[in-house]
Amino acid sequence: MHLKGTMKPNVISLYKFCITVILGCVLAWSGMPANAAPAANTAPQGTLVIIGGGLRADNAEVWQRIVTLSGGKGARIAVLASASINPEKSGQSIITKLNQYGADAFFVPLGVKLRNSDYRKAAEDPAIVAQIKSASGIYFAGGDQGRITQALLRPDGSRTAALEAIWSVYRNGGVIAGSSAGAAIMSTTMFYDAKPVLDMLKMGVTDGKEIAPGLGFIGSDVFVDQHLLVRGRFARMIPVMLKKGYHLGLGIDENSAMVVDARRDVEIIGYSGALLIDLSGAISDRGVKNFNISNAAISYLDRGDKFNLVTRAFTPSPDKADNKLDPNQPDMREPVFTNDILGNNAVLDLMGNLIDNAQQEAIGIAFGNPRDPYPDLGFEFRFSKTVNSVGYSSTEAEAYSVLKLRLDIRPIQLRQPLYRYK
């Protein structure tokens, strides 16, 4: 084709179409809308610190990591307490803690509950945008995650100038940290007005009610939840992941954090750990009326462990590196069972007791109050070891890392009443 220095109209249209498609694909992972002005480097180069809530002031490992990743001593960290019912008080508390660990943190006056402020205008205010852009780290406080998205998204769902500034910090190598509600916003879908865990298994989840769009900093392929082990929330992650098409889910426990870098390496730090749920091989039986799933994979990542979201490679913490469990020499032999799998740390105890056991499976039951809706409906959680299941034991404490247990959940009918007085 001979164009003599110009392009014919149909060629120009095809050229523009191809550029648009390529740009859209490149920007999809970064969370940047295709119609936004591209940055010099659109792939996020920063780090996420996703905290499960309940972060104590003396958890130096987590607080110090946020400050260090943000640049160390004197790091400018913008604190957004939009989720809080009292943003000023909550923000000042966080600023004090960050500054104790060497930061130069400051409050960003942006939130639906902020006194004497039109938050819709504040999110477009050039002065506030400049404040955010001056930071090398962003910290989202806990509270109600719906207030964060309400403050940072326009009514049509597009990003405010303040949110674009936050993304700019992240893309350019800065840190985005968030605790509790600040962790919930990290995925593209977040819990919004969530029912109790068991009720979500019984009655399902609905867009705009139990779940709503998050801010998506971790990418569109991973679902994030928080307060996980102490509240038995792993079970509520699964119906959401199925509904929205996620294969991977990460749930972080209280007073603990997941550090996710630009290579998508996840490191667990703090007091406890995280559950990793993989639904890539899971199936549901549509012939069964109630919620059910088979062949899900569940893993427990303990403090110090690392996992790559791209390669799926696992690296145990240094105290477990040379202590892989031998399935032929288990430490325990008794059956493993709990009648409250949704209880405080029950799933962690069960997984640890199973991985170092001659038994090949463990069972947990979930059921509600006799006065709850559908009192005769409960669920069996069956955990099984497969050829891919691996365990590591710490040489320093009674702690395990557990990889790739099979999880099957099926509905069960409970006899009513569950008990009688003698």
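Residues numbered from 1 in each chain as written. Predicted model: local features only at pLDDT ≥ 70, side-chain atom pairs only at ≥ 80, totals over all residues. Heavy atoms only, no water.

Chemist: Help me understand the overall build of the protein chain, please; the structure alone is not making it clear to me.
Modeler: The secondary structure content of the protein chain amounts to 12 helices and 20 strands. Whereas a compact globule of 422 residues would reach a radius of gyration of roughly 22 Å, the protein chain reaches 23 Å, a difference of no more than 12%. Overall, the C-alpha framework of the protein chain stretches about 85 × 60 × 50 Å when taken along its three principal axes. Out of the 422 residues in the protein chain, the part that is buried amounts to 53%. (Helix = DSSP H or I, 4+ residues; strand = E, 2+ residues; numbered from the N terminus. Rg over C-alpha atoms; globule rule 2.2 N^0.38 Å. Buried < 20%, exposed > 50% of the residue type's maximum accessible area, 1.4 Å probe, protein only.)

Chemist: I would appreciate a short explanation of the packing of aromatic side chains in the present structure.
Modeler: Centre-to-centre distance and the angle between the planes together describe a pair of aromatic rings. What the rule picks out here adds up to 10 aromatic pairs. Summarising the aromatic geometry, the rings of Phe191 and Phe223 are spaced 5.6 Å apart at their centres and angled 75° between planes, so their arrangement reads as edge-to-face. Of this pair, Phe191 sits in strand β6 (residues 189-191) while Phe223 sits in strand β8 (residues 222-225), and the two are 32 residues apart along the sequence. Grouping residues by exposure puts Phe191 and Phe223 together as buried. Between Tyr419 and Tyr421, the aromatic rings sit 6.2 Å apart at their centres with planes inclined by 80°, giving edge-to-face as the arrangement. Classification of Tyr421 by relative accessible area gives exposed; the value is 78%. Taken together, the ring pairs in this structure connect Phe140, Trp167, Tyr170 and Phe217 into an aromatic cluster. (Phe/Tyr/Trp six-rings, centres within 6.5 Å; stacked < 30°, edge-to-face > 60°.)

Chemist: Help me out: how do you make sense of helix α6 (residues 145-152) in this one?
Modeler: Helical geometry note: an α-helix holds 3.6 residues per turn, so side chains three or four residues apart project in the same direction. With seven of eight residues buried, α6 lies mostly within the body of the structure. For α6, the complete set of buried residues consists of Gln145, Gly146, Arg147, Ile148, Thr149, Ala151 and Leu152. Its side-chain oxygen placed 2.8 Å from the backbone nitrogen of Gly146, Asp144 serves as the N-cap of α6. (Polar contact = N/O pair within 3.5 Å; in protein donor to acceptor, adjacent residues only side chain to side chain.)

Chemist: I'm lost on the pairing of strand β11 (residues 265-270) in this one. Help?
Modeler: Strand residues, when the strand is regular, have side chains that alternate between the two faces of the sheet. Of all six residues in β11, five are buried; the element is thus mostly enclosed. Here strand β10 (residues 256-260) pairs with β11 via five bridges, running antiparallel. Its bridge partner lying in β11, Ala257 is registered against Ile269. The antiparallel hairpin formed by β10 and β11 contains four residues in its connecting segment, where Arg264 sits at a positive phi of about 70°. As paired elements, β11 and strand β14 (residues 306-308) share three bridges and run antiparallel to each other. Within the sheet, the bridge partner assigned to Glu267 lies in β14 and is Lys306. (Pairing = 2+ DSSP bridges.)

Chemist: Would you mind going over the packing of helix α2 (residues 60-69) against helix α3 (residues 87-100) with me for this structure?
Modeler: The description of two helices packed together rests on the angle between their axes and the distance between the axes. Interhelical geometry of α2 versus α3 gives an angle of 80° and a closest axis separation of 9 Å. In terms of axis orientation, α2 runs roughly perpendicular to α3. Across the interface between the two elements, Trp63, Ile66 and Val67 from α2 touch Ile94, Lys97 and Leu98 from α3. Considered class by class, the residues forming the contact of α2 with α3 number five nonpolar, no polar and one charged. (Axes fitted to C-alpha atoms, helices over the stretch in contact; angles between N-to-C directions. Parallel < 35°, antiparallel > 145°, perpendicular 65-115°, else oblique. Contact = heavy atoms within 4.5 Å. Nonpolar A, V, L, I, M, F, W, Y, C, P; charged D, E, K, R; others polar.)

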